[in-house]
Amino acid sequence: MSFPQTVACTATALIGLAGVAQAGQVESRYFPTDEVLPLFEPPPSLEREYALFQKSLPFLSEGLVVLSVISFGAQETDVSPQQQQALMAGFNDVYLNIAHDEAMRRVPHSLAYSYQSVTPTQGHYYAYWPEHVTPDTPSIIFLHGFGGNFLYYTWLLKEEFPDAIILLPTYTYSWFDGSLDYLREAEADFEARHPGVAIDDPWLIALSAGGPAGFRLYNAAPDDFAGFVCLASAPLGLRARDFKRDLNIYMLNGATDDRIDIDDVRQMAKQFQRQIPGLKYQELPGDHFFMLTDRKETFERVRSYMELVQPKAN
């Protein structure tokens, strides 16, 4: 897959929704890390174009980058005219809402960080927390897909979960190979900066290329999380027999997804359900972008699953 294809694949995996800005705070933070973070390597045929892309990122808005990729890269990214129309409309709404959101309008995007040429010595995350935080405030950790940690993710999740503390760590351009140590570094930095705003028993949510990392991290440290929600993804490259049985996992996929073989996803879900009785698998009648085309049903199902899982005993 070429650089424009891969960038657009993840850019279009973002899901637009319009909503009313909620009270609360959003921040973008960098922190020291011991993690050796990956660098994106474009194909040799696109090195010149990629160099120009890197240089221009600090001066472009995220909305302009995403909309340009969808508008001008549809043919290269195998986006159909129907998908392009839906995505353009959705993202227009998304970035108009971000521009008018007092908590987000001045928060810088992190795309230049995700596509740098030198291995970073700092990690990065976005965070949101509501105006009133109590010991009972729920929390969420989100793992992004390929393309980087778009501001859009923060806006979407705070709109859908306005009463939750939400941490969105950036693993340069993709969480696919991300580590639990890095996630814990981000959590520790956030909590050190904000005493009393604790990420306690969070739900882990992962999208697209972040899905396999979500499976790995949750299995490695199940007591760290309330459960795991995997959207438009699957346990790619993982073996069911390596997983613990007492896990709470919800997989939601698009029935006509053309970015990941849905028949393979169904087979993986069946294999993992035999090992993990608490894994629930569902589909929506949409493609890889079902959070755009069926946003209401998507988050109704996610919240319904979260409510079914019993909280851990203290």
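In this text, all values refer to a predicted model and were calculated from it rather than measured experimentally.

Criteria and thresholds
- Residues numbered from 1 in each chain as written.
- Predicted model: local features only at pLDDT ≥ 70, side-chain atom pairs only at ≥ 80, totals over all residues.
- Heavy atoms only, no water.
- Helix = DSSP H or I, 4+ residues; strand = E, 2+ residues; numbered from the N terminus.
- Buried < 20%, exposed > 50% of the residue type's maximum accessible area, 1.4 Å probe, protein only.
- Contact = heavy atoms within 4.5 Å.
- Areas by Shrake-Rupley, 256 points an atom, 1.4 Å probe, with all protein chains shown as cover.
- Pairing = 2+ DSSP bridges.
- Axes fitted to C-alpha atoms, helices over the stretch in contact; angles between N-to-C directions.
- Expected span 1.5 Å × (residues − 1).
- Arc of directions from axis to C-beta.
- pLDDT = per-residue confidence, 0-100.
- Phe/Tyr/Trp six-rings, centres within 6.5 Å; stacked < 30°, edge-to-face > 60°.
- Lys NZ or Arg CZ within 6 Å of the ring centre and 35° of its normal.
- Salt bridge = Lys/Arg side-chain N within 4 Å of Asp/Glu carboxyl O.

Things to note about the overall build of the chain
Inference 1: Counting secondary structure elements, the chain contains 11 helices and eight strands.
Inference 2: Residues counted as buried form 56% of the 314 residues belonging to the chain.
Inference 3: Restricting to contacts in the chain with at least 6 residues of sequence separation, those with at least 24 account for 78%.
Inference 4: When the accessible area of the chain is evaluated, it comes to approximately 14,100 Å², of which 52% is carbon and sulfur surface.

A look at the sheet that holds strand 8 (residues 279-284)
Inference 1: Strand order in the open sheet formed by eight strands is 1-2-4-3-5-6-7-8, with mixed pairing between adjacent strands. The open sheet terminates on both sides in strands that have one partner only, identified here as strand 1 (25-32) and strand 8. Shown here is a sheet whose adjacent strand axes are inclined to one another by a mean of 20 degrees, direction ignored.
Inference 2: Where strand 1 and strand 2 (residues 122-129) come together, eight bridges link them in antiparallel fashion. Note that in strand 2 the partner of arginine 29 across the bridge is tyrosine 125.
Inference 3: Contacting strand 3 (139-143), strand 5 (203-207), strand 6 (227-231), strand 7 (249-254) and strand 8, helix 8 (residues 211-220) crosses the sheet at an angle of about 165 degrees to strand 6.
Inference 4: Each of strand 7 and strand 8 is contacted by helix 9 (residues 262-275), which is oriented at about 160 degrees to strand 8, the strand it contacts most.

Some points on helix 11 (residues 295-308)
Inference 1: For helix 11, built from 14 residues, the straight-helix expectation of 20 Å at 1.5 Å per residue is met to within 8% by its first-to-last C-alpha distance of 20 Å.
Inference 2: Buried residues of helix 11: Thr298, Phe299, Val302, Tyr305 and Met306, and no others. Along the axis of helix 11, the buried positions cluster into a sector of 120 degrees, meaning they face one direction only. For helix 11, the exposed residues lying more than 90 degrees away from the buried face are Lys296, Glu307 and Leu308.
Inference 3: The inward-facing, buried residues of helix 11 abut helix 6 (151-160), strand 5, strand 6, strand 7, strand 8 and helix 10 (290-293).

Regarding the confidence of the model for the chain
Inference 1: In the predicted model, the chain carries a mean pLDDT of 89, and 90% of its residues have values of at least 70.
Inference 2: Low pLDDT (under 50) marks residues 1-22, which in the prediction has 83 contacts with non-local residues, meaning those over four places away or in another chain.

Digging into the environment of serine 233
Inference 1: Locating serine 233 in the fold gives a position in the loop between strand 6 and strand 7.
Inference 2: Here the alpha-carbon distance between serine 233 and glycine 211, two residues 22 residues apart in the chain, equals 5.3 Å.
Inference 3: Setting aside residues up to four positions removed in sequence, serine 233 forms contacts with Ser208, Gly211, Pro212, Met251, Asn253, Ile260 and Val265.

Description of the packing of aromatic side chains
Inference 1: Inspection of the entire model under this criterion finds 30 aromatic pairs.
Inference 2: Centre to centre, the rings of phenylalanine 40 and tyrosine 173 are 5.4 Å apart; their planes meet at 80 degrees, and the pair counts as edge-to-face. Pair noted here: phenylalanine 40 is in the loop between strand 1 and helix 2 (47-56) and tyrosine 173 is in the loop between strand 4 (165-170) and helix 7 (180-193), with a separation of 133 residues, a long-range link. Of the two residues examined, phenylalanine 40 and tyrosine 173, each falls in the buried class.
Inference 3: Summarising the aromatic geometry, the rings of tyrosine 171 and tyrosine 182 are spaced 5.2 Å apart at their centres and angled 85 degrees between planes, so their arrangement reads as edge-to-face. Here tyrosine 171 is found in the loop between strand 4 and helix 7, whereas its partner tyrosine 182 is found in helix 7, with 11 residues between them in sequence.
Inference 4: Of the residues examined, tyrosine 171 reaches a relative accessible area of 3% and is grouped as buried.
Inference 5: Feature note: the residues Phe31, Tyr125, Trp129, Tyr171, Trp175, Tyr182 and Phe190 constitute an aromatic cluster, connected by ring pairs.
Inference 6: The aromatic ring of phenylalanine 161 is capped on one face by arginine 303, whose charged end is 5.7 Å from the ring centroid.

What to know about the environment of proline 202
Inference 1: Topologically, proline 202 is positioned in the loop between helix 7 and strand 5.
Inference 2: In the structure, proline 202 is positioned 64 residues away from proline 138 in sequence and 6.9 Å away in space, judged by C-alpha atoms.
Inference 3: Filtering out sequence-adjacent residues up to four positions away, proline 202 remains in contact with Ser139, Ile140, Ile141, Asp224, Phe225, Ala226 and Gly227.

As for the pattern of salt bridges
Inference 1: Evaluation of the coordinates by the stated rule reveals 14 salt bridges.
Inference 2: One salt bridge in this structure joins aspartate 101 and lysine 158, with 2.7 Å as the shortest N-O distance. With aspartate 101 in the loop between helix 4 (81-99) and helix 5 (111-114) and lysine 158 in helix 6, the pair connects residues that are 57 residues apart, well separated along the chain.
Inference 3: Here arginine 105 makes a salt bridge to glutamate 102, at a shortest N to O gap of 2.9 Å.
Inference 4: Classification of arginine 105 as partly exposed rests on a relative accessible area of 42%.
Inference 5: In this structure glutamate 102 comes out as exposed when scored by relative accessible area, which is 55%.
Inference 6: The network of salt bridges with shared partners includes Asp101, Lys158 and Glu159.

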